[in-house]
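# Close look at the chain arrangement
This is what each chain is made of:
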Amino acid sequence: MAGKISKEELEELREAFGKVDLNGNGFICDYELHDLFKEANLPLPGYKVREIIQKLMEEGDKDKDNKISFNEFVSVSENLNLALNSASAIGCHVVNIGALDLREGKPHLVLGLLWQIIKIGLFADIELSRNEALAALLRDGETLEDLMKLSPEELLLRWANFHLENAGWSKINNFSHDIKDSRAYFHLLNQIAPKGQKEGEDRIDIDMSGFSEKDDLKRAECMLQQADRLGCRQFVTSTDVVSGNPKLNLAFVANLFNKYPALTKPENQDINWGLLEGETREERTFRNWMNSLGVSPHVNHLYGDLQDALVILQLYEKIKVPVDWNNKVNKPPYPKLGANMKKLENCNYAVELGKTKANFSLVGIGGQDLNDGNPTLTLALVWQLMRRYTLNVLEGLGDGQKVNDDIIVNWVNKTLSGAGKSTKISSFKDKEISSSLAVLDLIDAIQPGCVNYDLVKRGSLSDEDKLDNAKFAVSMARKIGARVYALPDDLVEVKPKMVMTVFACLMGRGMKRA
């Protein structure tokens with residue numbers, strides 16, 4: 001069993017299974033599944049049980065005999081693990097959420113996770129490097145760097161106000177109280193609706209008659225009918241609008257932006273477009289790792305959001321380095337005069353902690369480098385934080401025994417050999433890792449029989465073959481419960497730092513199962 005299911009919990013499930021399996025043959029029929037969930041203290045409505053039966057028969061009932069074994073029943077948790085660990089890898093905060101929580105359908109945890117996933121998907125393109133037309137939102141005296149510092153929420157608000165200003169309507173300060181009467185939404189829809197000016201584009205005229213409706217709920221419904229004409233009615237009901245539900249209204253506006261941004265990239269302006277280099281895989285991995293730990297504020301832009309060091313200081317606490325928040329750390333809101341000096345003091349303290357308490361190698365790195373958002377030097381510190389966090393997890397599983405690269409490599413090779421595998425690695429730079437065969441063999445050694453080797457490509461591998469193997473390896477690692485942040489390309493290109501985290505996470509999973 002993968003995930004956070006203890007031996008005691010597994011035995012409880014086995015006992016529940018036995019009560020339903022009356023003839024003791026190790027199987028239950030599909031129609032008995034409802035009783036099984038009830039015995040396992042997981043009562044579900046009939047329609048939900050029917051959905052699960054259909055899913056199990058499609059994927060879980062490997063023998064296609066309309067009977068479900070105990071292993072087929074508990075294997076549902078592996079899919080939940082895959083979902084959780086994949087969510088973590090894209091930056092969702094999943095601390096204190098386990099497969100059992102999802103299986104039991106705990107509303108606050110499930111809804112919280114779903115909101116994070118939806119938000120990440122909706123906000124993916126609300127960023128200058130992905131949508132240069134957002135530069136149209138620049139105000140007088142602002143630079144592209146100023147705009148890049150805004151969070152997706154702030155960009156959305158500015159985008160909405162850009163169109164409201166063009167409509168001659170008053171600006172809004174939020175997506176809760178200020179949109180309750182739907183009137184700002186009417187004007188926003190009218191501004192972004194296609195005008196039929198582009199080749200092949202249909203014209204959609206927004207009916208503004210509902211704007212004068214006196215009843216708030218009826219007015220909201222009229223507005224949503226117009227949004228529906230744009231294919232954008234998702235996420236909110238008229239009640240959600242009138243009550244000012246901030247999350248759902250934010251999602252509604254994000255969807256409007258994604259479908260109809262109605263912005264034109266500025267031309268003939270003194271704009272340094274060279275700043276808009278896309279986020280590297282390494283930067284994205286580090287950012288997602290931070291966010292998965294629940295740092296605050298949420299990290300949208302790796303360097304800009306670390307310039308006051310508050311996130312870095314939170315990460316120090318994650319690696320058990322004490323932070324003197326009361327006497328050494330300046331917290332927002334910062335004073336208008338001297339704000340940057342306060343942030344610099346935080347950065348200096350972060351570097352001091354790294355050198356004196358964490359024993360990091362920070363030669364040539366000062367607080368000013370973090371405050372300036374120096375990419376190379378900031379990443380040097382962040383990598384050491386992530387590495388220490390990963391090693392701390394292993395040391396916690398190994399009763400405090402110190403762990404380094406050699407110990408991980410030796411554990412990997414010993415585990416592979418012990419399982420009768422022929423693969424091995426010499427280091428995290430070993431070019432043989434590009435095939436991902438050692439990773440897949442290690443996964444199968446940790447949880448025997450879980451890797452379908454019919455899907456693994458061998459022999460003389462093309463880059464495409466290697467990427468397919470790597471995708472399979474990352475997916476399987478997450479499925480057996482390893483919280484892998486690295487991406488398939490990191491394995492194919494044998495990026496030593498990311499490769500180390502993959503094997504370390506698998507070692508942690510293997511030690512938990514031992």
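Rules used in this analysis
Residues numbered from 1 in each chain as written. Predicted model: local features only at pLDDT ≥ 70, side-chain atom pairs only at ≥ 80, totals over all residues. Heavy atoms only, no water. Helix = DSSP H or I, 4+ residues; strand = E, 2+ residues; numbered from the N terminus. Buried < 20%, exposed > 50% of the residue type's maximum accessible area, 1.4 Å probe, protein only. Contact = heavy atoms within 4.5 Å. Areas by Shrake-Rupley, 256 points an atom, 1.4 Å probe, with all protein chains shown as cover. Expected span 1.5 Å × (residues − 1). Arc of directions from axis to C-beta. Polar contact = N/O pair within 3.5 Å; in protein donor to acceptor, adjacent residues only side chain to side chain. Core = buried A, V, L, I, M, F, W, Y, C linked by side-chain atoms within 4.5 Å. Patch = residues over 30% accessible without salt bridge, like charges linked within 9 Å, V, L, I, M, F, W, Y side chains within 5 Å. Salt bridge = Lys/Arg side-chain N within 4 Å of Asp/Glu carboxyl O. pLDDT = per-residue confidence, 0-100. Phe/Tyr/Trp six-rings, centres within 6.5 Å; stacked < 30°, edge-to-face > 60°. Axes fitted to C-alpha atoms, helices over the stretch in contact; angles between N-to-C directions. Parallel < 35°, antiparallel > 145°, perpendicular 65-115°, else oblique. Left-handed = near helix turned anticlockwise from the far one by under 90°. Nonpolar A, V, L, I, M, F, W, Y, C, P; charged D, E, K, R; others polar.

Right, let's talk about the overall build of the chain for a bit. The number of helices and strands found in the chain is 23 helices and two strands. Across the 514 residues that make up the chain, the buried fraction comes to 47%. Excluding contacts between residues fewer than 6 apart, the proportion of contacts in the chain whose partners are at least 24 apart in sequence is 58%. Of the roughly 25800 Å² of accessible surface on the chain, 48% is carried by carbon and sulfur atoms.

With 14 residues, helix 19 (residues 405-418) should cover 20 Å at 1.5 Å per step; its first-to-last C-alpha distance of 20 Å lies within 8% of that length. For helix 19, the complete set of buried residues consists of Ile 408, Val 409, Trp 411, Val 412, Thr 415 and Leu 416. The arc that holds the buried residues of helix 19, viewed along the axis, is 160°, so those residues lie on one side. Those residues of helix 19 that are exposed and angled more than 90 degrees off the buried face are Asp 406, Asn 410, Lys 414, Ser 417 and Gly 418. The N-cap of helix 19, judged by a side-chain oxygen 3.1 Å from the amide nitrogen of Asp 406 a few residues on, is Asn 404. Directly after helix 19, the chain includes Gly 420, whose backbone phi takes a positive value near 75°.

Residues Met 290, Tyr 316, Ile 408, Phe 503 and Leu 506 are the most contacted members of the largest nonpolar core, which totals 82 residues. Per-element tally for this core: the top contributor is helix 23 (residues 496-513), with nine residues. Leu 122, Phe 123, Leu 137 and Val 236 belong to the second-largest nonpolar core, a separate cluster that totals 50 residues.

What follows covers a nonpolar patch on the surface. Among the surface-exposed residues, Leu 111, Leu 114, Ile 118 and Phe 235 lie close enough to one another that they form a single nonpolar patch of about 340 Å² accessible area. Within the element layout of this structure, Phe 235 appears in the loop between helix 11 (216-229) and helix 12 (238-243). Residue class for Phe 235 comes out partly exposed when judged on its relative accessible area of 32%.

Now for the confidence of the model for the chain. Averaged over all residues, the pLDDT of the chain is 87; the fraction at 70 or higher stands at 86%. Counted against residues more than four places away or in other chains, residues 1-6, with its pLDDT under 50, gives 24 contacts.

Right, let's get into the pattern of salt bridges. Tallied over the entire structure, the rule returns 17 salt bridges. A salt bridge links Arg 203 to Asp 205, with the nearest nitrogen and oxygen atoms 2.8 Å apart. Between Asp 468 and Lys 457 there is a salt bridge whose closest N-O contact spans 2.6 Å. Of this pair, Asp 468 sits in helix 21 (residues 463-479) while Lys 457 is found in the loop between helix 20 (437-446) and helix 21, placing the two residues eleven residues apart along the sequence. Overall, the relative accessible area of 31% leaves Lys 457 in the partly exposed class. A network of salt bridges, in which partner residues are shared, links Arg 281, Asp 490, Glu 493 and Lys 495.

This brings us to the packing of aromatic side chains. Considering all chains together, one arrives at eight aromatic pairs under this definition. When the centroid spacing of 6.2 Å and the interplanar angle of 20° are considered together, the rings of Phe 428 and Phe 503 count as stacked. Pair noted here: Phe 428 is in the loop between helix 19 and helix 20 and Phe 503 is in helix 23, with a separation of 75 residues, a long-range link. Under the relative-accessibility criterion, Phe 428 is labelled buried at 6%. Judged by its relative accessible area of 0%, Phe 503 is buried. Through a chain of ring-to-ring contacts, the aromatic side chains of Trp 169, Phe 186 and Phe 211 assemble into a single cluster.

Right, let's talk about unusual backbone geometry for a bit. Here Ser 296 and Pro 297 are connected by a cis peptide whose omega angle stands at 5°. Note that Pro 297 resides in the loop between helix 14 (281-292) and helix 15 (310-318). Pro 333 follows Pro 332 through a cis peptide bond whose omega is 5°. Inspection of the secondary structure assignment puts Pro 333 in the loop between helix 15 and helix 16 (339-356). With a phi close to 65°, Lys 320 is a non-glycine residue in the positive phi region. Residue classification places Lys 320 among the exposed positions, given a relative accessible area of 70%. Unlike most non-glycine residues, Val 494 shows phi in positive territory, near 50°. As for its placement among the helices and strands, Val 494 is situated in the loop between helix 22 (488-492) and helix 23.

As for its placement among the helices and strands, Asn 348 is situated in helix 16. Residues Asn 348 and Ile 365, spaced 17 residues apart in sequence, show a C-alpha to C-alpha distance of 9.8 Å. Those residues within four positions of Asn 348 in sequence are excluded, and the remaining contacts are Gly 367 and Gln 368.

One can find Met 500 in helix 23. Along the primary structure Met 500 and Val 409 are separated by 91 residues, whereas in three dimensions their C-alpha atoms are 9.0 Å apart. The contact partners of Met 500, leaving out residues within four places of it in the chain, are Trp 383, Arg 387, Leu 391, Asp 405, Ile 408 and Phe 428.

The next thing to look at is the environment of Lys 355. If you trace the backbone, Lys 355 turns up in helix 16. Here Lys 355 falls in the partly exposed class, since its relative accessible area comes to 43%. Setting aside residues up to four positions removed in sequence, Lys 355 forms contacts with Phe 360, Leu 362 and Ile 365.

Our next topic: the packing of helix 10 (residues 183-192) against helix 11. Relative orientation of the contacting elements helix 10 and helix 11 amounts to 15°, with a least axis distance of 10 Å. Considering their axes alone, helix 10 and helix 11 lie roughly parallel with respect to each other. Crossing hand, helix 10 versus helix 11: left-handed. Counted together, Arg 183, Tyr 185, Phe 186 and Leu 189 of helix 10 and Arg 219, Cys 222, Met 223, Gln 226 and Ala 227 of helix 11 form the full contact between these two elements. By residue class, the composition of the contact of helix 10 with helix 11 is six nonpolar, one polar and two charged.

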